[in-house]
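What follows is each chain in one-letter form.
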Amino acid sequence: MNIILLGPPGVGKGTQAKLLQEKLNIPQISTGDLFRAAIKNQTELGKKAKEYMDKGNLVPDEITNDLVKLRIQESDCKNGFILDGYPRTINQAETLEKNLESLGKKIDLVVSLELDDSLIVERITGRRTSKKTGKIYHIKYNPPIDEKEEDLEQRADDTEEVVVNRLKVYHSQTSPLIEFYNLKNLTKTVNAEGNVEDILNSILKLV
Ligand code: AP5
């Protein structure tokens, strides 16, 4: 099954994608994670992506489309995948459709996670990631048992001012995808307020 998790920054796409990956045994493909790994490894791609990410703007479509095109052809995607944070523009959605078509595949479900902007800022500014395991925590909602052991870090784009721009970019460039996929009868909406398990169960019911 090929699934897209759509939603504003900080809505919980990564949290849910990681859990779905275990439940469904198909990989999470997070373009944000792929870019962050490239930045860490100081590759050319990473250097380019960082310029945009630090400001909360989207990395250009041609770079992002090529990255995903290669990733979905890897062997672990043969039974399906969970796209987390891609597509994010109409151009990306149309390119994805063409790329999948050429592989004899298609998108089966688009889960649109919804949460009020006022709750987004709190979720994002409280997020911490384990340097050791990549696990996502929240200082208030999901703190680690042993903070030191996890060696937590905060993402460079998780400041309040960058979040404001990320939300602006989401509403102008990404939210039109809800209707784009609705016209194809693929969009299913899930309320992302509440606890992680309940949200996961709502998504699993759709799967
Ligand atoms: P990306 O990494 O994709 O970030 P994002 O979409 O802004 O989403 P986030 O990772 O911030 O949040 P999330 O929805 O995954 O939430 P999470 O589960 O972590 O993109 C970063 C940048 O890369 C972009 O700005 C852009 O520059 C570039 N980029 C990436 N993809 C691109 C593309 N396709 N095209 C162009 N550019 C691209 O949860 C957030 C916090 O909330 C955590 O602390 C978590 O513990 C907590 N939480 C989660 N669920 C709950 C809950 N139910 N209750 C309470 N707390 C919760």
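Everything that follows concerns the structure shown earlier in this document.
Here we summarise the structure given alongside this text. (Residues numbered from 1 in each chain as written. Predicted model: local features only at pLDDT ≥ 70, side-chain atom pairs only at ≥ 80, totals over all residues. Heavy atoms only, no water.)

As for the pairing of strand β4 (residues 109-114)
The buried count for β4 comes to 5 of 6 residues, which makes it a mostly enclosed element. Pairing of β4 with strand β8 (residues 187-191), which is carried by 5 bridges, proceeds in the parallel orientation. Counterpart to E114 in the pairing with β8 is N191. (Buried < 20%, exposed > 50% of the residue type's maximum accessible area, 1.4 Å probe, protein only. Helix = DSSP H or I, 4+ residues; strand = E, 2+ residues; numbered from the N terminus. Pairing = 2+ DSSP bridges.)

Quick look at unusual backbone geometry
Residues apart from glycine generally show negative phi values, whereas peptide bonds are mostly found in trans. Cis geometry marks the peptide bond from Y86 to P87, where omega comes out at -5°. Examined against the element boundaries, P87 turns out to sit in the loop between β3 (81-84) and α5 (90-102). Phi is positive for N25, close to 60°, though the residue is something other than glycine. Examined against the element boundaries, N25 turns out to sit in the loop between α1 (13-24) and β2 (28-30). Positive phi, normally seen in glycine, also occurs at Q42, with a value near 55°.

Brief notes about the environment of G104
Along the chain, G104 falls in the loop between α5 and β4. Spatially, the C-alpha atom of G104 lies 16 Å from that of V68, the residues being 36 residues apart in sequence.

Looking at the pattern of salt bridges
Pairs can form between side chains of opposite charge once their charged atoms are near each other. Scanning all chains against the criterion turns up 14 salt bridges. Between E74 and R71 there is a salt bridge, with its nearest N and O atoms 3.4 Å apart. On the basis of relative accessibility, which here comes to 41%, the residue E74 falls in the partly exposed class. Ionic pairing is found between D157 and R166, a salt bridge with its closest N-O pair at 3.7 Å. (Salt bridge = Lys/Arg side-chain N within 4 Å of Asp/Glu carboxyl O.)

Comments concerning the site of the ligand
Taken together, 33 residues sit near the ligand, with T15, N57, R88, R127 and R166 positioned nearest. Here an oxygen atom of the ligand and a side-chain polar atom of T15 are 2.6 Å apart. Contact between the ligand and Y137: an oxygen atom at 2.7 Å from a main-chain N or O atom of the residue. Out of a free accessible area of 1000 Å², the ligand has 96% covered by protein chains. Where the shell around the ligand is concerned, the elements lending two or more residues are α1, α2 (31-40), β6 (136-138) and α10 (196-206). When residues in the shell around the ligand are grouped by element, the largest group, 4 residues, is from α2. Classifying every residue of the shell around the ligand by side-chain character gives 13 nonpolar, 12 polar and 8 charged. (Near = heavy atom within 4 Å. Polar contact = N/O pair within 3.5 Å; in protein donor to acceptor, adjacent residues only side chain to side chain. Areas by Shrake-Rupley, 256 points an atom, 1.4 Å probe, with all protein chains shown as cover. Nonpolar A, V, L, I, M, F, W, Y, C, P; charged D, E, K, R; others polar.)

Observations regarding the packing of α2 against helix α3 (residues 44-53)
Across the interface, α2 lies against α3 with an axial gap of 7 Å and an inter-helix angle of 120°. The angle between α2 and α3 places the two elements in the oblique class. As α2 packs across α3, the resulting crossing turns out to be left-handed. Residue-level contacts link G32, F35, R36, A38 and I39 of α2 to L45, G46, A49, K50 and M53 of α3. Considering only residue class, the contact of α2 with α3 consists of 6 nonpolar, 2 polar and 2 charged. (Axes fitted to C-alpha atoms, helices over the stretch in contact; angles between N-to-C directions. Parallel < 35°, antiparallel > 145°, perpendicular 65-115°, else oblique. Left-handed = near helix turned anticlockwise from the far one by under 90°. Contact = heavy atoms within 4.5 Å.)

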